[in-house]
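Residue-level structure breakdown
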Amino acid sequence: MNKLLFIINGSGGTGKDSFCNFVRDYSGHDTFIISSVDDIKEKAKTMGWDGVSKTEKDRKFLSDLKDLCTWYNDAPFNYIKGQIDYFYKSVLKEIMFIHVREPQEIQKLKEAFPELKTILLTNENVPNITSNSGDAGVYDYKYDYYIKNDGTLEDLKATALKFINRFYEDED
């Protein structure tokens with residue numbers, strides 16, 4: 001069984017979580033979903049963030065904290081690298097989605113893991129967020145796959161299943 005490793009990106013509210021969850025819940029493939037800010041969010045909670053809010057102020061705080069941790073010791077990259085190493089050692093997980101916003105961080109991961117594929121999810125009904133460095137650069141990268149999520153949740157579910165199943169067609 002080949003393991004599939006993806007970075008998924010898109011502006012806030014485009015349906016990235018739903019896409020990943022549809023793959024996990026309905027494709028029949030064990031799926032591991034993480035974000036490059038998971039570890040940052042845990043640290044932010046110790047500084048007063050409620051762990052839930054996604055206001056512009058919250059998004060900027062998390063983005064700035066991630067930038068600072070990247071500058072200081074590349075903690076977000078090292079966190080993701082450790083999670084990928086865990087994924088490859090796992091006998092259960094077949095697919096991994098990593099939420100990463102910043103083009104330079106995506107590129108760094110692509111260089112460390114050349115097999116990694118990138119996905120940009122768009123939704124014409126959702127305004128782009130540009131109030132922080134993490135969200136502002138979402139469209140400044142050349143992705144391997146572009147997925148439009150302009151329809152219903154059922155449409156997105158069908159798109160997610162069609163997308164992931166194409167990688168497993170040759171194994172059946």
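What comes next concerns the included structure. From a predicted model like this one, the values you see are computed outputs, not experimental measurements.

1. Describing the nonpolar core
Ranked by size, the top nonpolar core spans 19 residues in total, and within it Leu 5, Ile 7, Ile 84, Met 96, Ile 98, Leu 109 and Leu 116 carry the most contacts. Counting only elements with at least two residues in this core, the list comes to strand E1 (4-9), strand E2 (31-35), helix H4 (75-89), strand E3 (95-99) and helix H5 (103-112). Ranked by residue count, the leading element in this core is H4, at four residues. Not counting chain neighbours up to four residues away, the residues in contact with Ile 7 comprise Ile 98, Val 100, Ile 106, Leu 109, Leu 116, Lys 117, Thr 118 and Ile 119. One finds Leu 4, Phe 6, Leu 121 and Ala 160 within the second-largest nonpolar core, a separate group that totals 18 residues.

2. Quick notes on the pairing of E1
Of all six residues that make up E1, six are buried, and the element is covered over most of its length. Of the two faces of E1, the one holding Leu 4, Phe 6 and Ile 8 and the one holding Leu 5, Ile 7 and Asn 9 are both buried throughout. In terms of strand pairing, E1 meets E3 through five bridges, oriented parallel. In the strand pairing of E3, Ile 8 is matched with His 99. Pairing geometry for E1 and strand E4 (residues 117-122), over four bridges, is parallel.

3. What about the side chain of Ser 27?
The residue Ser 27 is located in the loop between helix H1 (16-26) and E2 in this model. For Ser 27, a relative accessible area of 14% puts it in the buried group. Within polar-contact distance, the side chain of Ser 27 engages the backbone oxygen of Val 23 at 2.5 Å. Only 3.2 Å separates the side chain of Ser 27 from the backbone nitrogen of His 29, close enough to count as a polar contact.

4. Points about the sheet that holds E3
Strand order across the open sheet formed by five strands is E2-E3-E1-E4-E5, with parallel pairing between neighbours. Each end of this open sheet is capped by a strand with a single partner; those strands are E2 and strand E5 (145-148). Taken pair by pair, the neighbouring strands of this sheet meet at an average axis angle of 25°, ignoring direction. Bridge count between E2 and E3: five bridges; the pairing is parallel. When the bridges of E3 are listed, Ile 33 appears paired with Phe 97. Running over the sheet, H4 touches E1, E2 and E3 and is turned about 175° from E2.

5. Concerning unusual backbone geometry
Residues other than glycine seldom take positive phi values, yet Asp 74 does so here, at roughly 55°. For Asp 74, the position within the fold is in the loop between helix H3 (56-73) and H4.

Basis of the calculations
- Residues numbered from 1 in each chain as written.
- Predicted model: local features only at pLDDT ≥ 70, side-chain atom pairs only at ≥ 80, totals over all residues.
- Heavy atoms only, no water.
- Core = buried A, V, L, I, M, F, W, Y, C linked by side-chain atoms within 4.5 Å.
- Buried < 20%, exposed > 50% of the residue type's maximum accessible area, 1.4 Å probe, protein only.
- Helix = DSSP H or I, 4+ residues; strand = E, 2+ residues; numbered from the N terminus.
- Contact = heavy atoms within 4.5 Å.
- Pairing = 2+ DSSP bridges.
- Polar contact = N/O pair within 3.5 Å; in protein donor to acceptor, adjacent residues only side chain to side chain.
- Axes fitted to C-alpha atoms, helices over the stretch in contact; angles between N-to-C directions.

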